[in-house]
Amino acid sequence: MAKGEFHKMHGLGNDFVIIDARACSMEMSPARARAIADRKRGIGCDQLILLDKSEVADVAMRIFNPDGAEVEACGNASRCVVALLKQDLQIETKGGVISGQLSGNDVTVAMGEAKFDWQDIPLAFAMDSGSLPLAWEELQNPMAVNMGNPHAVFFVDNADAIDLARLGPIIEHDAAFPERVNVNVASVDGNEIRLIVWERGAGLTGACGTGACATAVAAIKQGKAQSPVIVHQKGGSLSIAWAPWQPVIMTGSATYVFTGQADWDDFG
């Protein structure tokens, strides 16, 4: 597959290059993913999404961060794939099979169940995932949640006052998180949450779907808010509904930007 079509989309400003490789398979290496995601020398995106055939769902979705690492889940990308293919879908990801439905101008995705066992996060050793005995300056005792990928959620009085650009990479790479971790800093006001996310392998992001899900679940589980919760991020807002032992339901926008053609051999 030397030459092919790609689609540029975003969910709340979290932008993606989506390549549909179902008709013609495409090799994707970390180096090629990094080259495509590069905003100066490539196409540029927060994540590269590769669609493929699936034996257990309507489509398989592979997700690559700008550093070339393949990750398990991406909520904003899931909504974009449903909007791109213009139909309700079962989507196979490395984090499990999720379902998405068109909902007027928005897309609703059932993200699967949140997981809380320390082995499922995963953590380096047994700890209470509801309040990890860990601290990084003013960020203390996060709740750990797996939403197909690992998250640490910190509740603070003012999320905007935290220097997450500095603390985010320190927490992401802490030895307590053997697969690294997404870092969520949130302030709760009633059933509304202000959220800032340092995304594993991507850095500060305008919106993170799985981060919004993890943070909403943590707020509901800790009694700080009641479902459904509205999560506000720099790029926009998501509605998150959750009850124990049930899938996390996320509703939000998915925007088509443009389509293009590329010679993939140019990217390694």
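For the structure itself, consult the block above.
Because the structure is predicted, anything quoted here is derived from the model rather than measured. (Residues numbered from 1 in each chain as written. Predicted model: local features only at pLDDT ≥ 70, side-chain atom pairs only at ≥ 80, totals over all residues. Heavy atoms only, no water.)

Enquirer: I would appreciate a short explanation of the overall build of the protein chain in the present structure.
Expert: The helix and strand tally for the protein chain stands at four helices and 19 strands. Over its C-alpha atoms the protein chain spans a radius of gyration of 18 Å, differing by no more than 12% from the 18 Å that the globule rule assigns to 268 residues. C-alpha atoms of the protein chain, sized along the principal axes, occupy 50 × 35 × 30 Å. Evaluated residue by residue, the protein chain yields a buried proportion of 53% over its 268 residues. Taking as baseline every contact in the protein chain between residues at least 6 positions apart, the subset at least 24 positions apart corresponds to 61%. As presented, the protein chain carries roughly 11400 Å² of accessible surface, and 47% of it is formed by carbon and sulfur atoms. (Helix = DSSP H or I, 4+ residues; strand = E, 2+ residues; numbered from the N terminus. Rg over C-alpha atoms; globule rule 2.2 N^0.38 Å. Buried < 20%, exposed > 50% of the residue type's maximum accessible area, 1.4 Å probe, protein only. Contact = heavy atoms within 4.5 Å. Areas by Shrake-Rupley, 256 points an atom, 1.4 Å probe, with all protein chains shown as cover.)

Enquirer: Explanation requested: the pattern of salt bridges in the structure shown.
Expert: One side chain can pair with another of opposite charge once the charged atoms of both are near each other. Scanning the model with the defined rule gives twelve salt bridges in all. With a closest N to O distance of 3.3 Å, K8 and D15 form a salt bridge. Taking the shortest distance from any N to any O, the salt bridge between D15 and R39 comes out at 2.7 Å. Here D15 is found in strand β2 (residues 14-20), whereas its partner R39 is found in the loop between α1 (30-37) and β3 (47-52), with 24 residues between them in sequence. We classify R39 as exposed; its relative accessible area is 51%. It is possible to trace a salt-bridge network through shared partners that takes in K8, D15, R39 and D46. (Salt bridge = Lys/Arg side-chain N within 4 Å of Asp/Glu carboxyl O.)

Enquirer: It is not clear to me how the side chain of T93 should be interpreted in this structure. Could you clarify?
Expert: In this structure, T93 sits in strand β6 (residues 89-93). Here T93 falls in the buried class, since its relative accessible area comes to 11%. Within the structure, the side chain of T93 is placed 3.1 Å from the backbone nitrogen of G95, a separation counted as a polar contact. Non-local contacts of T93, meaning those with residues more than four positions away in its chain, are made with M61, E72 and I98. (Polar contact = N/O pair within 3.5 Å; in protein donor to acceptor, adjacent residues only side chain to side chain.)

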